[in-house]
Amino acid sequence: MLSSKQVEAYHRDGFLVIEGFATAEACADLRRRAVEIVHEWEPSGERTVFTTDEQERASTREFLSSGDTTWCFFEEEAFGPDGALRQPKELSINKIGHATHDLDPTFERFTYTPELAAIAHDLGLVDPLALQSMYIFKQPGIGGEVGCHQDATFLYTDPMSVTGFWFAIEDATLDNGCLWAAPGGHRTAGLRQVFKRAGAMTDDDGTLFEVLDTTPLPRPPDDLVPLPVPAGSLIVLHGLLPHWSGANRSPVSRHAYSVHCISAATDYPAWNWLQRRGAVPLRRLDTVSAP
Ligand code: FE2
């Protein structure tokens with residue numbers, strides 16, 4: 001799939017932009033299904049009105065148990081001071097995560113393709129497992145900032161193997177919150193911190209950050225370069241590459257889909273926040289998806 005120039009660029013920069021990877025039809029299918037999932041999703045009573053404390057507790061629990069489910073997460077700015085949604089549910093969801101690629105046939109079809117498996121192979125990812133997926137809405141007006149981070153902080157393996165495959169489902173622009181990255185930043189310093197479950201393996205235990213390297217992350221936006229791309233583009237991100245995306249204050253959404261893969265040949269510690277509990281096994285990226 002990739003030329004030696006592209007492979008070289010990925011190892012040099014820590015990211016690779018491939019325009020025209022996904023067809024307009026594949027993007028439209030995934031978008032349609034994502035909107036449908038939100039439409040069908042009924043937040044339980046406690047989810048419609050929140051106090052800040054309740055929201056935090058509920059968010060932690062839902063987040064920590066979402067490794068093998070499909071869950072819809074709200075935008076932080078979705079709620080007014082009275083705890084009620086400011087806009088329709090369909091325009092209030094930040095993302096869908098984190099096992100939808102193994103639970104929904106449309107997501108499965110988009111994810112498990114020979115083309116994506118070939119790219120992972122060309123970039124040197126040995127036996128890639130599709131660990132986690134997110135459909136990110138970056139809603140008009142309230143789409144939240146994603147702070148500068150390295151993906152290996154959140155999906156840690158020994159040795160480091162996490163690789164992000166980020167698909168623009170809609171055009172990603174400077175106005176609606178495209179990705180930004182620090183070219184070569186995966187080589188200039190190590191993994192700054194890891195995000196861990198705080199205690200035993202229950203979903204109420206919360207999480208903590210453990211610092212590994214005090215080198216500051218690049219400061220957005222000045223230390224980063226923007227990666228605006230048209231719909232259908234794939235951006236591959238090295239697990240140590242610092243990247244960021246700003247808030248979306250524009251009237252236009254910026255839908256994206258991301259899949260994070262790890263190598264089956266590495267160790268995935270049990271303290272990672274994201275865990276599968278057996279019912280939904282992890283699959284290799286070259287698994288043939290259902291028709
Ligand atoms: Fe990321």
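In the block above lies the structure referred to throughout.
Residues numbered from 1 in each chain as written. Predicted model: local features only at pLDDT ≥ 70, side-chain atom pairs only at ≥ 80, totals over all residues. Heavy atoms only, no water.

## A word on the side chain of Ser 250
At step 1: Its place among the elements puts Ser 250 in the loop between strand 12 (243–245) and strand 13 (256–263).
At step 2: Owing to a relative accessible area of 12%, Ser 250 belongs among the buried residues under this scheme.
At step 3: A polar contact of 3.1 Å, which involves the side chain of Ser 250, links it to the backbone nitrogen of Val 252.
At step 4: Ser 250 has contacts with Pro 140, Gly 141, Asp 175 and Asn 176, leaving out every residue within four places of it along the chain. (Helix = DSSP H or I, 4+ residues; strand = E, 2+ residues; numbered from the N terminus. Buried < 20%, exposed > 50% of the residue type's maximum accessible area, 1.4 Å probe, protein only. Polar contact = N/O pair within 3.5 Å; in protein donor to acceptor, adjacent residues only side chain to side chain. Contact = heavy atoms within 4.5 Å.)

## Quick look at the packing of aromatic side chains
At step 1: Taken as a whole, this structure holds 15 aromatic pairs when the rule is applied.
At step 2: Seen from their ring centres, Phe 110 and Phe 167 are 5.0 Å apart, and the 85° between their planes marks the pair as edge-to-face. You can see Phe 110 sitting in helix 6 (residues 105–111) and its partner Phe 167 sitting in strand 6 (residues 163–168), a full 57 residues away along the chain. Per residue, the accessibility class of Phe 110 equals that of Phe 167, and both read buried.
At step 3: Between Phe 154 and Phe 195, the aromatic rings sit 5.2 Å apart at their centres with planes inclined by 55°, giving tilted as the arrangement. You can see Phe 154 sitting in helix 8 (residues 151–154) and its partner Phe 195 sitting in strand 8 (residues 193–197), a full 41 residues away along the chain.
At step 4: Residue class for Phe 154 comes out partly exposed when judged on its relative accessible area of 25%.
At step 5: A connected cluster of aromatic rings, assembled from ring pairs, spans Phe 21, Phe 107, Phe 110, Tyr 135, Phe 137, Phe 167 and Tyr 257.
At step 6: If you follow Lys 95 out to its NZ or CZ, it ends over the ring of Phe 73, 6.0 Å from the centre.
At step 7: Over the face of the ring belonging to Tyr 112 we find Arg 283, whose NZ or CZ atom lies 4.4 Å from the ring centre. (Phe/Tyr/Trp six-rings, centres within 6.5 Å; stacked < 30°, edge-to-face > 60°. Lys NZ or Arg CZ within 6 Å of the ring centre and 35° of its normal.)

## Overview of the coordination of the iron ion
At step 1: Within the protein, the iron ion binds to His 149 (NE2), Asp 151 (OD) and His 243 (NE2); these donor distances fall in the range 2.1 to 2.2 Å.
At step 2: Positions of the donor residues of the iron ion, expressed as sequence spacing, correspond to H-x1-D-x91-H. Highlighted residues: His 149 in strand 5 (residues 146–149) and His 243 in strand 12, separated in sequence by 94 residues. Residue His 149 shares its accessibility class with His 243, and that shared class is buried. (Donors = N, O, S within 2.8 Å, 3.2 Å for Na, K, Ca; no water.)

## Let's talk about the pattern of salt bridges
Close approach of charged atoms lets side chains of opposite charge pair.
At step 1: Summed over all chains, the structure comprises 15 salt bridges.
At step 2: Notably, a salt bridge pairs Glu 40 with Arg 33, separated by 3.7 Å at the nearest N-O pair.
At step 3: A relative accessible area of 18% places Arg 33 in the buried class.
At step 4: For Arg 284, the salt bridge goes to Asp 286, with nearest N and O atoms at 2.8 Å. (Salt bridge = Lys/Arg side-chain N within 4 Å of Asp/Glu carboxyl O.)

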